[in-house]
Amino acid sequence: MTCLPVKTDKKLGLVIDLDTCVGCQACVTACKGWNDQGYGAPLSDQAPYGAEPSGTFLNRVHSYEVTPADSPAQIINFPRSCLHCDDAPCVTVCPTGASYKRAEDGIVLVNEDACIGCGLCAWACPYGAREMDAAAGVMKKCTLCVDRIYNETLPEADREPACVRTCPIGARHFGDFADPESNVSRLARNRGGIALMPEMGTAPVNRYLPPRRKDVLAASPLAPLLDVSATGLAGWLDRMLGKI
Amino acid sequence: MHPAPSVILFTVLSGLGFGYLAFLGAGLVSASGWAAFALWFLGYALAVGGLLASAFHLGNPQRALRAFSQWRSSWLSREAWASVATLAVLAPVALSDWFGFAWPRAWGVAGAALCLATVFTTSMIYAQMKTVPRWNHWITPLMFQSFALAGGAILAGSRLWAAVLLAGLGGVLAAQWRIGDGRFAAVGATIGSATGLGTIGAVQVFEQPHTGPNYLMREMIHIVGRKHAQKLRVIAFGLLVMAPLAMVLALPPGPLTVALAAAPHLIGALAARWLFFAEAEHVVGLYYGQRGAT
Ligand code: SF4
Ligand code: SF4
Ligand code: SF4
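Residues numbered from 1 in each chain as written. Chains lettered and ligands numbered in written order. Predicted model: local features only at pLDDT ≥ 70, side-chain atom pairs only at ≥ 80, totals over all residues. Heavy atoms only, no water.

1. Some points on the site of ligand 1
Close to ligand 1 lie 13 residues; Cys82(A), Leu83(A), Cys85(A), Cys90(A) and Cys125(A) are nearest. Here the shell around ligand 1 is built from residues that sort into ten nonpolar, one polar and two charged. (Near = heavy atom within 4 Å. Nonpolar A, V, L, I, M, F, W, Y, C, P; charged D, E, K, R; others polar.)

2. A look at the domain arrangement of chain B
All names here are of chain B. You can read the domains of chain B as domain 1 (1–128) and domain 2 (155–294). Computed from C-alpha atoms alone, the centre-to-centre distance between domain 1 and domain 2 is 24 Å. At the interface, 18 residues of domain 1 touch 18 residues of domain 2. In total, domain 1 and domain 2 occlude about 1700 Å² of area from one another, counting both sides; carbon and sulfur atoms represent 78% of this. At the junction of domain 1 and domain 2, the tally comes to zero salt bridges. Within the residue set of the side of domain 1 that touches domain 2, elements represented by two or more residues are helix 1 (5–25) and helix 2 (33–55). Tallying contributions element by element places helix 1 first for the side of domain 1 that touches domain 2, with nine residues. Looking at side-chain class alone, the side of domain 1 that touches domain 2 contains 15 nonpolar, three polar and no charged residues. (Domains from an automatic or database assignment. Contact = heavy atoms within 4.5 Å. Buried area = accessible area lost by both parts, 1.4 Å probe. Salt bridge = Lys/Arg side-chain N within 4 Å of Asp/Glu carboxyl O. Helix = DSSP H or I, 4+ residues; strand = E, 2+ residues; numbered from the N terminus.)

3. Focus: the layout of surface pockets
Gaps left between atoms show up when a probe the size of a water molecule is rolled over them. By volume, the largest pocket is sized at about 600 Å³. Contributing to the lining of the largest pocket are 25 residues, with Leu51(B), Ser54(B), Ala55(B), Leu76(B) and Glu79(B) lying nearest its centre. Mapped onto the lining of the largest pocket, the elements with two or more residues apiece are helix 3 (120–124) of chain A together with helix 1, helix 2, helix 3 (75–99) and helix 4 (106–127) of chain B. Sort the elements by how many residues they give to the lining of the largest pocket and helix 3 of chain B lands first, with six residues. Considered class by class, the residues forming the lining of the largest pocket number 21 nonpolar, three polar and one charged. (1 Å grid on protein atoms, 1.4 Å probe; cavity = no way out; pocket = protein on both sides within 12 Å on 5 of 7 lines; lining within 4 Å. Points joined across faces, edges and corners; volume = space filled by probe spheres on them.)

4. Details of the sheet that holds strand 1 (residues 12–17) of chain A
Residues and elements named next belong to chain A. Judged by pairing direction, the sheet is mixed, and its three strands sit side by side in the order 10-1-11 without closing on themselves. The open sheet has two edge strands with one neighbour each: strand 10 (172–176) and strand 11 (207–209). With direction set aside, neighbouring strand axes in the sheet form an average angle of 25 degrees. Summarising the sheet, strand 1 and strand 11 pair through three bridges and their orientation is parallel. (Pairing = 2+ DSSP bridges. Axes fitted to C-alpha atoms, helices over the stretch in contact; angles between N-to-C directions.)

5. What to know about unusual backbone geometry
All names here are of chain A. The backbone phi angle of Ala47 is positive, close to 50 degrees, even though this residue is not glycine. Of note, Ala47 is situated in the loop between strand 2 (45–46) and strand 3 (54–55). Positive phi, normally seen in glycine, also occurs at Cys145, with a value near 50 degrees. By secondary structure assignment, the location of Cys145 is in the loop between strand 9 (139–141) and helix 4 (146–149).

6. Structural notes on the site of ligand 3
Residue and element names in this part refer to chain A. In the vicinity of ligand 3, the contacting residues are Cys31, Asn35, Asn59, Ser81, Cys142, Thr143, Leu144, Cys145, Pro161, Ala162, Cys163 and Arg172. Broken down by secondary-structure element, the contributors of at least two residues to the shell around ligand 3 are helix 1 (26–35) and helix 5 (162–166). Tallied by class, residues from the shell around ligand 3 come to seven nonpolar, four polar and one charged.

7. A few points about the confidence of the model for chain B
Here chain B averages 93 in pLDDT, and 98% of its residues register 70 or above. The ipTM assigned to the predicted complex is 0.93, against a pTM of 0.91. (pLDDT = per-residue confidence, 0-100.)

8. Overview of the nonpolar core
Counting 139 residues, the largest nonpolar core has Trp123(A), Met197(A), Leu21(B), Tyr126(B), Trp135(B), Phe277(B) and Tyr287(B) as the members making the most contacts within it. Examining the composition of this core, we find that twelve residues originate from one element, helix 1 of chain B, more than from any other. Beyond its immediate sequence surroundings of up to four residues, Tyr287(B) is in contact with His62(A), Tyr64(A), Phe78(A), Arg80(A), Pro126(A), Tyr127(A), Leu196(A), Met197(A), Ala194(B), Thr195(B) and Val205(B). Counting residues in each nonpolar core, the second largest holds six residues, with Val15(A), Val184(A), Ala188(A) and Val205(A) among its members. (Core = buried A, V, L, I, M, F, W, Y, C linked by side-chain atoms within 4.5 Å. Buried < 20%, exposed > 50% of the residue type's maximum accessible area, 1.4 Å probe, protein only.)

9. Overview of the sheet that holds strand 1 (residues 202–207) of chain B
Strand order in the open sheet formed by three strands is 5(A)-4(A)-1(B), with antiparallel pairing between adjacent strands. The strands lining the two open edges of the sheet, one partner per strand, are strand 5 (74–80) of chain A together with strand 1 of chain B. Within this sheet the neighbouring strands show an average axis-to-axis angle of 40 degrees, counted without direction.

10. Regarding the environment of Ser73(B)
Examined against the element boundaries, Ser73(B) turns out to sit in the loop between helix 2 and helix 3. Ignoring sequence-local partners within four residues, the contact set of Ser73(B) consists of Thr2(A), Cys3(A), Thr92(A) and Arg78(B). A polar atom in the side chain of Ser73(B) sits 3.1 Å from the backbone oxygen of Thr92(A). (Polar contact = N/O pair within 3.5 Å; in protein donor to acceptor, adjacent residues only side chain to side chain.)

11. Observations concerning the pattern of salt bridges
A complete count under the given rule lists 16 salt bridges over all chains for this structure. Across the pair Asp70(A) and Arg213(A) runs a salt bridge, and its minimum N-O distance is 3.3 Å. With Asp70(A) in the loop between strand 4 (60–67) and strand 5 and Arg213(A) in the loop between strand 11 and helix 7 (232–243), this pair connects stretches of sequence that are 143 residues apart. With respect to burial, Asp70(A) and Arg213(A) carry one shared label: exposed. Where Glu279(B) meets Arg233(B), a salt bridge forms, and the shortest distance between an N and an O atom there is 2.9 Å. With a gap of 46 residues between them, Glu279(B) in the segment after helix 10 (255–278) and Arg233(B) in helix 9 (residues 229–250) connect regions that are remote in the sequence. Both residues of the pair, Glu279(B) and Arg233(B), count as buried. What emerges from the salt-bridge pattern is a single network uniting Arg134(B), Asp181(B), Arg233(B) and Glu279(B).

In structure tokens:
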């Protein structure tokens, strides 16, 4: 049913730390690796070794240059995956009921057996979180690794999303935003977690932690000593060359 | 947005078809016998042909029947119901005209109202998209209705209706272009709000996340088409509105006039619909730093 649940018991989602992410793309690879053999159709590639390779990914890492008014530019790596929105427009536009949001934990999923591949849900998502698989003709999106987080055949440490488990920096965190004392709720609260594009009215669940303010290099106490003016021959040369 | 030929054909042909069927249903075209059959056949062919074209846009068209299930939330699903209901309701009216049964016209008028309702559901598929600010405005449904009614009036061969509705279409289309040009800025989504980094400083793309194109870029970041947009607008306007207007006003009413007015109108409609997609910017382009290229 593509009407949204009035309320979800849990709000599972991710916190992504833009302060620590180094842009190594490990989460991109881990996500593709896990979801290639789990939930639904594999994530196909077109001409992977050809001149113009292309393929389906559920998670992509951008890099931005941000220039504050009073300090030098900084590079910020920016992983982009589904934000499991509370008011998910991708769900309500779906004509077939293939797209749905689970009432129990808020995960937004696609039932691929019902998907006609009309692409409307990808149009409705502001964040580019959905990609149509060119081989299967069905819509693919982040499942929040629903086949890991509840999977009792995996060791407990592995019962979290592949991208979270693999991140060497610990820049991705998984948890329940409905619980104010969960790890993700506390992180979002303490670090001023950001909701992306609030003007789109999607009420995203995931939060992004803004980069901390960088220290500004203080002027060295020895700096005045650098202003030595040459004397003698060197001073004469300096004056002469300065005139040319 | 990617101007896919199947979707352009679908919206133009079915819109024209339903607009024309509305005139036939309301009894504004008088014909009987085989002449009536030919007129109704054209209407059904346009409407159904357009709907079939839309199937080429699907990744798994064999499951298309499932699209009827979510009418409670989805405009695409409502459109599926509205078009089938309209074609079903109008069928007895067509038979009555064909065989001269003279069944009450009220049924046909109800069918005409359903035609307009169907066009409205189509338009809402686009107008509901907050992610595409140019479409997300009440002018979008008005524009689709104007297309359907003006095209329908041309095919119906009614000089007065065609002249009035073509003039109306011209005004609405010009307004849609004007309003649309300011919509992205009005909505206020920027690379700063998309990344949440705008509060720190000026944001620009440092490196793209992938070196080849992907589905998002092919489907939603179409910047090539915006290059000649202004010229195309003038051409589309001339063919869509001015040429047919001149034909219906200058030539005596008749099948030849209908054909001479409908031909440029249809080409103009295809061009205008191409622009409707090609000029529309999706906010996801912000993540790729790709918008506003002209
Ligand atoms: S991020 Fe996009 S795909 Fe995910 S729930 Fe929100 S709107 Fe839907
Ligand atoms: S592509 Fe599939 S999941 Fe998306 S709206 Fe269409 S039918 Fe629903
Ligand atoms: S939660 Fe799973 S599916 Fe979603 S981005 Fe992470 S690895 Fe990919």
